Structures are given as C-alpha cells and as structure tokens.
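Fold and contact review
Spelled out, the chains give:
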Amino acid sequence: MIVDVIHPGRPNVSHKELGEKLAKLYGSTEECVFTFGFRTAFGGGKSTGFALIYDSLEDAKKVEPKYRLIRHGIGAKGIISSKQRKERKNRAKKFRGTKKAKAATAGKK
Amino acid sequence: MVSKSKSSSSSDAEKFLESIGVSTNSDHQDVSPELAKAVKSDAPLLVKSLNSLIESITSTKSKLNELKERIRSETLPTSKGVSLLEVKLHSLLSYLTNLSFFILLKLQGHSTAAGHPALDKLIELRVVLEKMKPIEAKLKYQIDKVVKAANEADGKGASKGSASGTVVGWEGEEVERKGVSEYELQAAGVSDPLQFKPNPRNLVGAMSLDPTAPTYQDEPGSGVYRPPKIAPTKYTEDNPKKKSQLSQQTRESLSKSRLFRDMREAFDTARPEQVTSHGTGYGLRELRDAKDEELQKIEDFELDNYQRLGATRDRNKREKAAIRRSGTSGIVDEMENLETDFLHMESLDRAVSFDDKQRYGAGLLAKRNQRAEAVFGEGDESGARKRKHMGDADEMLRFQSKQFSSKTGYDKAIRKMTRPSHKKRK
C-alpha cells in the first residue's frame with residue numbers, strides 16, 4: 001500500500017513508529033509490517049512511502065529482500081567491509097567447487 | 001401586316017391572331033378552352049418577338065447587300081485568309097440553314113425525331129463549332145495583331161492614296177501586292193507583321209515621335225565610360241575575431257547568465273518584466289515543461305511499482321546540460337551567488353580598464369584619444385603598437401589574472417571563478 005504520513009513540525013517518522021501505527025490500524029503485529037521508500041515532500045510536513053503487511057513472519061522471510069529483513073533485524077548480515085570481502089574472494093580463488101566455501105571460512109579463522 | 005407599334009395590348013394580339021386565322025373564341029368547335037387560353041396568354045409575347053425579328057432582318061439585309069456589292073466589285077479579297085475562320089463561317093452558315101429548316105418542320109407540324117438528318121447535321125455542326133472555340137482562343141492574339149496591322153496599313157494607305165480595305169493575308173506577300181510595303185508598316189510602328197512576340201522596337205517608335213523630348217542618356221555618342229565620382233572610403237574586411245569583440249557563443253552564454261539578467265531587469269526599463277506563473281498554481285492550466293513532465297512520469301512509475309528510482313548517470317548529465325543551457329540552476333539562493341557576481345564584475349572591470357589603458361594611454365591623453373575615436377571612428381588597426389589578440393572574454397580575463405597575479409587569496413579566488421570549468425586543465 002501507499003502510505004501518506006502527515007507530520008507537521010517534526011522530521012519524518014521512523015520505520016518502527018510507522019510499523020506500530022499500521023499494525024494497530026490493520027490488526028497485525030509490528031514484525032509483519034515492512035515499510036520502505038519514504039520521501040518527504042518539499043517544505044516538510046508530509047512524506048509518502050510504501051508499506052507491506054504479511055500474514056506471518058515466515059511468509060515475510062520467504063518473500064522480502066534481504067536488506068529489508070536486515071533493517072527489521074531478522075536477516076543476517078554478511079561481511080560488510082569491502083577489504084574483508086576481497087580477501088575472502090581471493091582465498092576462494094585457489095579452489096574449485098564446494099572446497100571454495102571450506103577454504104574461505106578456514107582462511108578467515 | 002403587323003403594326004410596328006410597341007404596345008403589346010391584347011386587342012392588337014387578337015387582331016393579329018385573327019388575321020392569321022387563329023380563333024381565340026372558346027365556343028369554336030375545333031378549339032378547346034385550355035388551348036384557347038394558352039394561345040391568348042402567349043399572343044402578346046409572340047407579337048413582340050415577331051416585331052424584333054422583322055427589325056433585325058431589315059438591318060442585316062442592308063448590310064449583306066453592301067458586302068455583296070463589295071465582293072462583286074472585287075475590292076474585298078476572300079481567298080488566302082485564316083483557314084480556321086473560313087471553316088467557322090461555312091459551318092455557321094450551314095448551321096443557320098439547318099436550323100431554319102428545323103423550325104419550318106416544327107411549324108408545319110412534322111415530327112422531328114432524333115434520327116432526322118437535319119437534326120444530325122445540326123449536332124455535327126455544333127460539335128465542330130465547340131471544338132473550334134479553344135483553337136480560336138489560342139490564335140486570338142495573332143489574329144488581332146494581323147487585323148491591327150491591316151487597319152494601320154489601311155490608315156496609312158488611305159493617307160497616301162493607295163488602295164484601302166486590304167485584308168492582310170497569312171503570307172507576307174499579300175501585303176506588298178496591295179501596295180502597303182513593309183517600310184510603311186514599320187513607319188506605322190508595327191516593325192514586322194509576322195513578328196508577333198513582344199517587340200521593344202514598337203516602344204522606340206512611340207518615343208521617336210517626339211524628338212524634342214528629354215532623354216536620360218547624356219552624351220550618347222561619347223563612348224568613354226566615366227565612373228561616378230564618390231568620396232573614397234576605406235575597405236574593411238569583416239573580421240569577427242577582433243581584440244575586444246566576443247564570439248557569438250560567448251555573447252549568448254553571457255546574456256543568459258543571472259548577472260546580466262538582473263542588470264537588464266534593473267536598467268532596461270523599456271522592456272517589461274517577464275515572470276512566468278510556472279509552479280504558482282494559478283492560471284487556467286498548470287504550466288508544465290519537460291522537466292515537470294519527466295518528474296511526473298517518475299512519480300507515477302514509483303507509485304505504481306512500489307519502488308523508488310534513484311538518479312542515473314544519464315539523467316544527471318541531462319540535468320546538468322539543461323542547467324548550463326538555461327543559465328540558472330533552478331531555485332537559486334541570491335545571497336550565495338552575490339559574491340560570485342561581484343567577483344565576476346570586478347574581474348571584468350579590471351580587464352576592460354587594462355584594455356582601455358593599452359589602447360588609449362593614461363590620464364589626459366586617454367581622454368583625448370577616446371574623444372578622437374568617437375568622432376573619427378576607428379582608424380588603422382595594424383598600427384605600430386603590437387598588441388596581443390584575444391580570442392574572447394574568457395581569454396582576456398585569464399590574461400588579466402595572470403598579469404596581476406598575486407598570491408593573495410582574493411586573486412586566487414578570481415582566477416578560480418574565471419577559469420572555464422568545462423575545459424581540461426593543462
């Protein structure tokens with residue numbers, strides 16, 4: 001759904017607060033409400049964005065993209081720093097197939 | 001038999017009808033009442049038309065007799081004329097004969113069915129006449145010329161006592177035979193009767209009629225060409241890349257800049273101020289330009305597909321190009337740009353003063369030179385003074401900043417401002 005939030009006099013509303021409000025409105029729990037894409041209009045006071053409400057958390061985990069799950073706190077983040085990622089890749093270059101995964105984690109340790 | 005009076009009273013008509021044996025009384029046995037009525041109503045018309053017919057017949061008869069006499073006395077040659085016209089004459093005569101026969105048939109009550117030979121002949125002749133019309137139209141000019149030549153020759157001939165009433169034949173020899181020579185025709189102003197294209201000599205003939213008239217050609221017999229005496233002027237090659245002239249591109253880009261627009265607004269009082277209602281929400285229809293349309297499209301897409309679009313490289317490029325073209329970066333903060341504007345003005349002012357100093361000198365001498373130039377205009381430019389020729393204002397400014405290059409922050413800032421950003425730094 002498209003959500004229009006009117007918040008005069010204050011900066012835009014946080015995802016968490018929005019999730020709570022929406023859950024109350026639609027009879028769901030905050031963990032099933034996913035909000036994204038909020039843009040505040042010029043001059044402030046109004047922002048527009050999207051929200052998705054799922055039937056259950058399992059359904060959400062199956063459908064939602066990883067970054068939104070991470071925002072929600074459910075998803076697991078991989079390695080963020082680029083240096084570490086590159087090192088991991090270089091370690092895995094030496095091997096082929098399933099041995100790559102073993103080598104990557106082994107090297108790190 | 002019929003009275004020549006113009007009154008078409010019914011009594012006259014009745015008298016006439018009775019005389020020719022038609023009864024208008026309805027109680028006669030042979031005549032039905034409707035027929036009698038019709039005859040009575042048409043009678044005055046009949047009388048009128050018959051009167052006019054008789055008049056025209058008498059006049060034509062007299063003319064024809066005259067022509068007959070002329071032909072008989074052989075003063076009117078009828079051979080070697082325009083063949084088309086001969087055909088026309090004969091066909092018209094034939095037409096008339098057939099037409100009169102046709103009327104006779106009708107009067108006597110015989111049937112004039114479609115297959116009647118007289119009718120066929122009439123149709124044939126009609127077709128011929130119709131076909132002749134466009135050909136005649138094409139020949140009209142030439143025929144008129146010939147007739148005119150003949151008339152002129154006629155007139156001249158009459159004055160000189162030669163035979164009158166000549167018809168100029170299609171060949172030129174006919175003219176000579178009848179005593180009108182080409183010389184006479186030329187004198188009459190028609191240089192050659194066979195030359196039917198536009199003839200300027202005809203105009204000359206008109207002019208030579210009055211030899212005392214003033215001509216517009218002085219000394220026609222001198223033969224030497226004397227050019228007109230005009231004061232000598234300097235030849236100036238059109239050189240757009242002069243030292244202080246800006247190229248067209250620079251001029252355009254400068255005119256679009258905010259600084260110049262503000263100055264124009266302040267000083268050009270004749271020009272009314274233009275403010276667009278774009279974005280104000282007023283007006284019959286909300287003004288929208290390409291940018292607005294694009295934004296709206298993006299907005300619609302985002303809401304439909306539940307995803308936000310980020311800025312792409314080519315969109316950014318287009319935006320920057322549009323800003324450069326328009327000269328403004330959309331909504332501008334005036335205070336922010338004030339400083340840059342002043343810096344621009346400062347550098348320009350310095351550039352101009354430096355240039356003036358080089359050109360005119362300093363102090364009193366400068367004033368004198370300026371006034372001299374204003375009065376006499378720009379003189380010889382390839383003078384002894386060697387001066388650098390600048391490409392355009394940008395170059396000049398850069399030159400200035402180099403000239404006065406100090407290490408102060410102010411000058412550095414100026415150099416930074418006046419350096420063109422799109423050019424690569426060498």
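Above this text sits the structure in question.
The structure displayed is predicted, hence computed values, not measured ones. (Residues numbered from 1 in each chain as written. Chains lettered and ligands numbered in written order. Predicted model: local features only at pLDDT ≥ 70, side-chain atom pairs only at ≥ 80, totals over all residues. Heavy atoms only, no water.)

Focus on a nonpolar patch on the surface
Residues and elements named next belong to chain B. A surface patch of nonpolar side chains, amounting to about 630 Å² of accessible area, comprises Met263, Phe267, Met335, Leu338, Phe342 and Met345. Elements with a contribution of two residues or more to the nonpolar patch: helix H9 (258-267) and helix H12 (334-360). A total of 4 residues in the nonpolar patch trace back to one element, the largest contributor, which is H12. Secondary-structure assignment places Leu338 in helix H12. (Patch = residues over 30% accessible without salt bridge, like charges linked within 9 Å, V, L, I, M, F, W, Y side chains within 5 Å. Areas by Shrake-Rupley, 256 points an atom, 1.4 Å probe, with all protein chains shown as cover. Salt bridge = Lys/Arg side-chain N within 4 Å of Asp/Glu carboxyl O. Helix = DSSP H or I, 4+ residues; strand = E, 2+ residues; numbered from the N terminus.)

Here we look at the side chain of Ser47 of chain A
All names here are of chain A. Within the secondary structure, Ser47 sits in strand E3 (residues 46-53). Since its relative accessible area comes to 2%, Ser47 is described here as buried. In terms of polar contacts, Ser47 uses its side chain to reach the side chain of His7, at 2.6 Å. Setting aside anything within four residues of it in sequence, one finds Ser47 in contact with Val3, Asp4, Val5, His7, Asn12, Arg39, Thr40 and Ala41. (Buried < 20%, exposed > 50% of the residue type's maximum accessible area, 1.4 Å probe, protein only. Polar contact = N/O pair within 3.5 Å; in protein donor to acceptor, adjacent residues only side chain to side chain. Contact = heavy atoms within 4.5 Å.)

A closer look at unusual backbone geometry
One non-glycine residue, Tyr306 of chain B, adopts positive backbone phi at about 55°. Looking at the element boundaries, Tyr306 of chain B is found in the loop between helix H10 (290-305) and helix H11 (313-326).

So, the interface of chain A and chain B
Taken residue by residue, the interface counts 9 residues in chain A and 6 residues in chain B. Carbon and sulfur atoms supply 63% of the area buried between chain A and chain B, which totals about 690 Å² over both sides. Inspection of the region where chain A meets chain B yields 1 salt bridge. Run the count over chain A and chain B and you get 5 residue pairs in polar contact (both at pLDDT 80 or more). Only strand E2 (33-40) and E3 of chain A provide two or more residues apiece to the side of chain A that touches chain B. The biggest single contributor to the side of chain A that touches chain B is E3 of chain A, with 4 residues. Here the side of chain A that touches chain B is composed, by residue class, of 5 nonpolar, 3 polar and 1 charged. (Buried area = accessible area lost by both parts, 1.4 Å probe. Nonpolar A, V, L, I, M, F, W, Y, C, P; charged D, E, K, R; others polar.)

All quantities given are derived from atomic positions and should not be read as evidence of function.
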